[in-house]
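Descriptive analysis of the structure
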Amino acid sequence: ARLHQHAAAEQAGGQLRAILDSAAAGSAWDRAYLELAIAAHEASLENLARAYAATKSPEVKKYIDRSAPIIQKHLEKAKRLLKASPTSASRDGK
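Now for a description of the structure that goes with this document. Being a predicted model, the structure only gives us computed values, none of them experimental.

Focus: the packing of aromatic side chains
Tallied over the entire structure, the rule returns one aromatic pair. Each ring, one from W29 and one from Y33, has its centre 5.5 Å from the other, and the planes form 5°; the classification is stacked. In this pair, W29 and Y33 both sit in helix α2 (residues 27-54), four residues apart, roughly one turn of the helix. Residue Y33 is classed as partly exposed on the basis of its relative accessible area, which comes to 43%. One Lys or Arg, K61, reaches over the ring of Y52 and ends 4.2 Å from the middle of that ring.

Set out below in structure tokens:
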């Protein structure tokens, strides 16, 4: 199941990268960038959790303990920016 989730995330990331490569500057590009950043930070947090569970090294655990809150803050900021973006209001406004 994890491999399937990882493959799906990679595919979605590839699609978002293609949009970034082909889109003109503007709200569509901004949205694709933020979605890619969110996916990357979520994947990073999942990888850190797996690494923390797997490592026996106190130094690696300390590194993860320092890194995870920074990545979490970046993720939260990207989500706030995406929610506040002009295209989010038109897509989410039900």
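There's more to say after this.
Things to note about the pattern of salt bridges
Per the counting criterion, the structure on display carries two salt bridges. The salt bridge involving E42 is made with K79; its shortest N-O contact spans 3.5 Å. With E42 in helix α2 and K79 in helix α3 (residues 58-84), this pair connects stretches of sequence that are 37 residues apart. Residue K79 is classed as partly exposed on the basis of its relative accessible area of 40%.

With respect to the nonpolar core
Ranked by size, the top nonpolar core spans nine residues in total: L34, I38, L45, L48, I64, I71, L75, A78 and L82. Where this core is concerned, the elements lending two or more residues are α2 and α3. A total of five residues in this core trace back to one element, the largest contributor, which is α3. If sequence neighbours within four positions are ignored, I38 has contacts with L75, A78, K79 and L82.

Parameters at a glance
- Residues numbered from 1 in each chain as written.
- Predicted model: local features only at pLDDT ≥ 70, side-chain atom pairs only at ≥ 80, totals over all residues.
- Heavy atoms only, no water.
- Phe/Tyr/Trp six-rings, centres within 6.5 Å; stacked < 30°, edge-to-face > 60°.
- Helix = DSSP H or I, 4+ residues; strand = E, 2+ residues; numbered from the N terminus.
- Buried < 20%, exposed > 50% of the residue type's maximum accessible area, 1.4 Å probe, protein only.
- Lys NZ or Arg CZ within 6 Å of the ring centre and 35° of its normal.
- Salt bridge = Lys/Arg side-chain N within 4 Å of Asp/Glu carboxyl O.
- Core = buried A, V, L, I, M, F, W, Y, C linked by side-chain atoms within 4.5 Å.
- Contact = heavy atoms within 4.5 Å.

Any link to function would need more than the numbers given here.
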